[in-house]
Amino acid sequence: MPKKYYIETYGCQMNVADSEVVASVLSDAGYAPAGSIGEADIILVNTCSIRENAEQRVWGRLDLFRAQKKKRPQVIVGVLGCMAERLKEKLLESDKMVDMVVGPDAYRDLPMLVETAVSGHAAVNVLLSREETYADISPVRLESNGVSAFISIMRGCNNMCAYCVVPYVRGAERSRDPETIVQEAREVFEQGYREVTLLGQNVNSYSWAGSTPIGFAGLLEMVASVDPGLRVRYSTSHPKDLSDDVLEVMAGHDNICRHIHLPVQSGSSSVLKRMNRKYTREWYLDRITSINRILPGCALSTDIIAGFCGETEEEHQETLSLMREVGFDFAYMFKYSERPGTKASRHMKDDVPDEVKTRRLNEIIALQNELSSVSKKADIGRILEVLVEGPAKKPIGAMMGRTSGNKVVVFQASDVRPGEYVQVKVTRATSATLIGNLV
Ligand code: 5AD
Ligand code: SF4
């Protein structure tokens, strides 16, 4: 009987894609996926360090895994990803009974590390690489809906935003060979997938120096040309690097989704400067003007941090006013959380009191709820193309899918299948979804 592994994933889409690489490496080495934690010989948790509470959640899971290990001492528990990279051997020294610590660039080494752990030795590889992109590894799609797939196009980050732990835990930026990216897109399309999301910390700085150098605009064009029936999304863009040539490529291909995730973090130029974001409020708004000119109706989403070091009430108000000015369709909103080792933790004071951070975050969330509602109401009466993903959670019998602008649509249908494109007339909107009828 092959040994079985179970993998749990926390954090961003990049981590989801990484877990698929891990599954591929382990399958190639003869391991099989386990249906549940209880039947796994190897329990893996792919972790996130972006905020303190992301790590807290993983510590909670490790308590549960420790209970498994008390029942079945031969089980191997491995911590993978960003927290493994940040805490290194400290994880082995904790009381959580961790056997294996594997950083995000060491997944090829997993079969060897598992053997080391089985033989009772400490199994650690947290070396970061300047080259590793896992370009040749065909990910095993985990928990996939069979319709949309993630494709990692680059790893690491060179940006050094003052608040962010990513460059320390994921290493320097490197781009993946475009031929392997296009090949992966072709393969998933042939397997029936109808949407790919190209992933990187800062996709706009994608750069491949082959005989013909390729930037992100060129790569996007190549992937969009795989098939007009394959939707293409990408995440995440950095406002400082989002150029008009990318927007022009989008305008030239209907299958590139009309949605841009453009994290602003703050609407105040002085906060942006302290954050080392390398753009101003005016620059960001100019990018939005270009998007609206070249891609009218393109959906916009963002990330916002409330209560960064030294943030004044006026600076917070500038974030609210920028949100209104842009009218984001969607946002991920966070309270600033100091991360050890970052520039902010070394040189700035985390001086906004927690209750002020919470109040500002709540104001940001309340405003975004209004903006999201305006955005959804604007779709009522429209006929939108929806890529069907599967059955809706409710009501029973309904199907769900997404628009090009990334809005979830629920509709009644008996004879549509996941992966089909349908036209839906939107009749109403709830806080999270659009409701409509097939036309
Ligand atoms: N505190 C709060 N939010 C953070 N983010 C990154 N680092 C921190 C931090 N230290 C947010 C940013 C980023 C998103 C992925 O997480 O908004 O875009
Ligand atoms: Fe993803 Fe950043 Fe969390 Fe790592 S720390 S999993 S890169 S969000």
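Residues numbered from 1 in each chain as written. Chains lettered and ligands numbered in written order. Predicted model: local features only at pLDDT ≥ 70, side-chain atom pairs only at ≥ 80, totals over all residues. Heavy atoms only, no water.

> Is there a simple way to think about the pattern of salt bridges in this case?
Side chains that differ in sign of charge can pair as their charged atoms come close. For the structure shown, the criterion picks out 37 salt bridges. Residue Glu39 pairs with Lys4 through a salt bridge whose shortest N-O separation is 3.5 Å. Taken together, the residues Glu39 in the loop between strand E2 (32–33) and strand E3 (42–47) and Lys4 in strand E1 (residues 4–9) connect sequence positions 35 residues apart. You can call Glu39 partly exposed: its relative accessible area is 39%. A salt bridge links Arg402 to Glu389, with the nearest nitrogen and oxygen atoms 3.0 Å apart. (Salt bridge = Lys/Arg side-chain N within 4 Å of Asp/Glu carboxyl O. Helix = DSSP H or I, 4+ residues; strand = E, 2+ residues; numbered from the N terminus. Buried < 20%, exposed > 50% of the residue type's maximum accessible area, 1.4 Å probe, protein only.)

> Before we go on, may I ask you to explain unusual backbone geometry in this structure?
The bulk of non-glycine residues show a negative phi, and the bulk of peptide bonds are trans. A cis amide bond links Ser235 to the next residue, Thr236, at an omega of 5°. You can see Thr236 is positioned in the loop between strand E13 (231–235) and helix H9 (244–251). With an omega dihedral of -5°, the bond running from Lys394 to Pro395 counts as a cis peptide bond. By secondary structure assignment, the location of Pro395 is in the loop between strand E17 (383–391) and strand E18 (398–403). The phi angle at Glu143 is positive, at roughly 45°, despite the residue not being glycine. Residue position: Glu143 is located in the loop between strand E6 (123–125) and strand E7 (148–152). Residues other than glycine seldom take positive phi values, yet Lys278 does so here, at roughly 70°. Mapped onto the fold, Lys278 is located in the loop between helix H10 (269–274) and helix H11 (281–294). Take Lys278: its relative accessible area is 54%, and that puts it in the exposed class.

> Before we go on, may I ask you to explain the site of ligand 2 in this structure?
Around ligand 2 lies a shell formed by Cys12, Asn15, Thr47, Cys48, Ser49, Ile50, Cys82, Val166, Arg170 and Gln201. Across the shell around ligand 2, the residue classes tally to 5 nonpolar, 4 polar and 1 charged. Counting the residues that make up the shell around ligand 2, at least three belong to each of domain 1 (4–125) and domain 2 (144–257). (Near = heavy atom within 4 Å. Nonpolar A, V, L, I, M, F, W, Y, C, P; charged D, E, K, R; others polar. Domains from an automatic or database assignment.)

> Teacher, can you tell me more about the site of ligand 1 here?
As a structural note, the neighbourhood of ligand 1 is formed by Ile50, Arg51, Tyr163, Gln265, Asp303, Ile305, Phe334, Lys335, Tyr336, Ser337 and Arg339. Within the side chain of Gln265, one N or O atom sits 2.6 Å away from an oxygen atom of ligand 1. For ligand 1, the protein covers 86% of the area, taking 410 Å² as the surface of the free molecule. Put simply, the parts of the chain that give the shell around ligand 1 at least two residues each are strand E15 (299–306) and strand E16 (330–335). For the shell around ligand 1, the residue count by class is 5 nonpolar, 2 polar and 4 charged. (Polar contact = N/O pair within 3.5 Å; in protein donor to acceptor, adjacent residues only side chain to side chain. Areas by Shrake-Rupley, 256 points an atom, 1.4 Å probe, with all protein chains shown as cover.)

> Whenever I open this one, the state of the cysteines confuses me. Can you help?
By definition, a disulfide links the sulfur atoms of two cysteine residues through a covalent bond. Scanning all chains against the criterion turns up 0 disulfides. Of all cysteine sulfurs, the one in Cys161 lies closest to Cys164, which takes part in no disulfide; the gap is 6.0 Å. (Disulfide = S-S within 2.5 Å.)

> Would you mind going over the packing of aromatic side chains with me for this structure?
Pairs of aromatic rings are described using the distance from one ring centre to the other and the angle between the two planes. Going through the model one piece at a time under the given rule, you end up with 7 aromatic pairs. Ring pairs connect the aromatic residues Tyr163, Phe308 and Tyr336, which therefore count as one cluster. Stacked on the ring of Phe334, the Lys or Arg Arg51 has its end atom at 3.6 Å from the ring centre. For Arg287, the ring lying beneath its charged end belongs to Trp283, and the centroid distance is 5.9 Å. (Phe/Tyr/Trp six-rings, centres within 6.5 Å; stacked < 30°, edge-to-face > 60°. Lys NZ or Arg CZ within 6 Å of the ring centre and 35° of its normal.)

> Just to check I follow, could you spell out the side chain of Thr47 for this structure?
By secondary structure assignment, the location of Thr47 is in strand E3. A polar contact of 2.9 Å, which involves the side chain of Thr47, links it to the backbone nitrogen of Met83. Once residues within four sequence positions are removed from consideration, Thr47 is found in contact with Tyr10, Asn15, Val58, Val79, Leu80, Gly81, Cys82, Met83 and Ala84. (Contact = heavy atoms within 4.5 Å.)

> What is the right way to read the sheet that holds strand E10 (residues 195–199) from this model?
One open sheet accounts for 3 strands, arranged E7-E10-E13; its pairing is parallel. Looking at strand neighbours, the two that pair on one side only are E7 and E13, the edges of this open sheet. Ignoring strand direction, the axes of neighbouring strands in this sheet form an average angle of 25°. Sheet strands touched by helix H8 (residues 216–224): E10 and E13. Its angle to E13, the strand with the most contacts, is close to 150°. (Pairing = 2+ DSSP bridges. Axes fitted to C-alpha atoms, helices over the stretch in contact; angles between N-to-C directions.)

> What is the right way to read the pairing of E18 from this model?
Every regular strand shows the same layout, with side chains that alternate between the two sheet faces. Taking burial as the measure, the 6 residues of E18 include 5 buried ones, the bulk of the element. As paired elements, E17 and E18 share 5 bridges and run antiparallel to each other. Opposite Val388, over in E18, you have Gly401 as the bridge partner. Hairpin connection of E17 to E18: 6 residues between the antiparallel strands, including Gly397 at a positive phi of 90°.

> Before we go on, may I ask you to explain the packing of helix H12 (residues 313–326) against helix H14 (residues 354–377) in this structure?
Between two packed helices, both the angle of their axes relative to each other and the distance between the axes serve to describe the pair. Where H12 contacts H14, the two axes come as close as 10 Å, and the packing angle between them is 10°. One finds that H12 runs roughly parallel with respect to H14. In the crossing of H12 with H14, the sense of the turn from one axis to the other is right-handed. Contact with H12, carried on its side by Glu313, His316, Gln317, Thr319, Leu320, Met323 and Arg324, involves Arg359, Arg360, Glu363, Ile364, Leu367, Gln368 and Leu371 of H14 and no other residues of that element. For the contact of H12 with H14, a count of residues per class yields 5 nonpolar, 4 polar and 5 charged. (Parallel < 35°, antiparallel > 145°, perpendicular 65-115°, else oblique. Left-handed = near helix turned anticlockwise from the far one by under 90°.)

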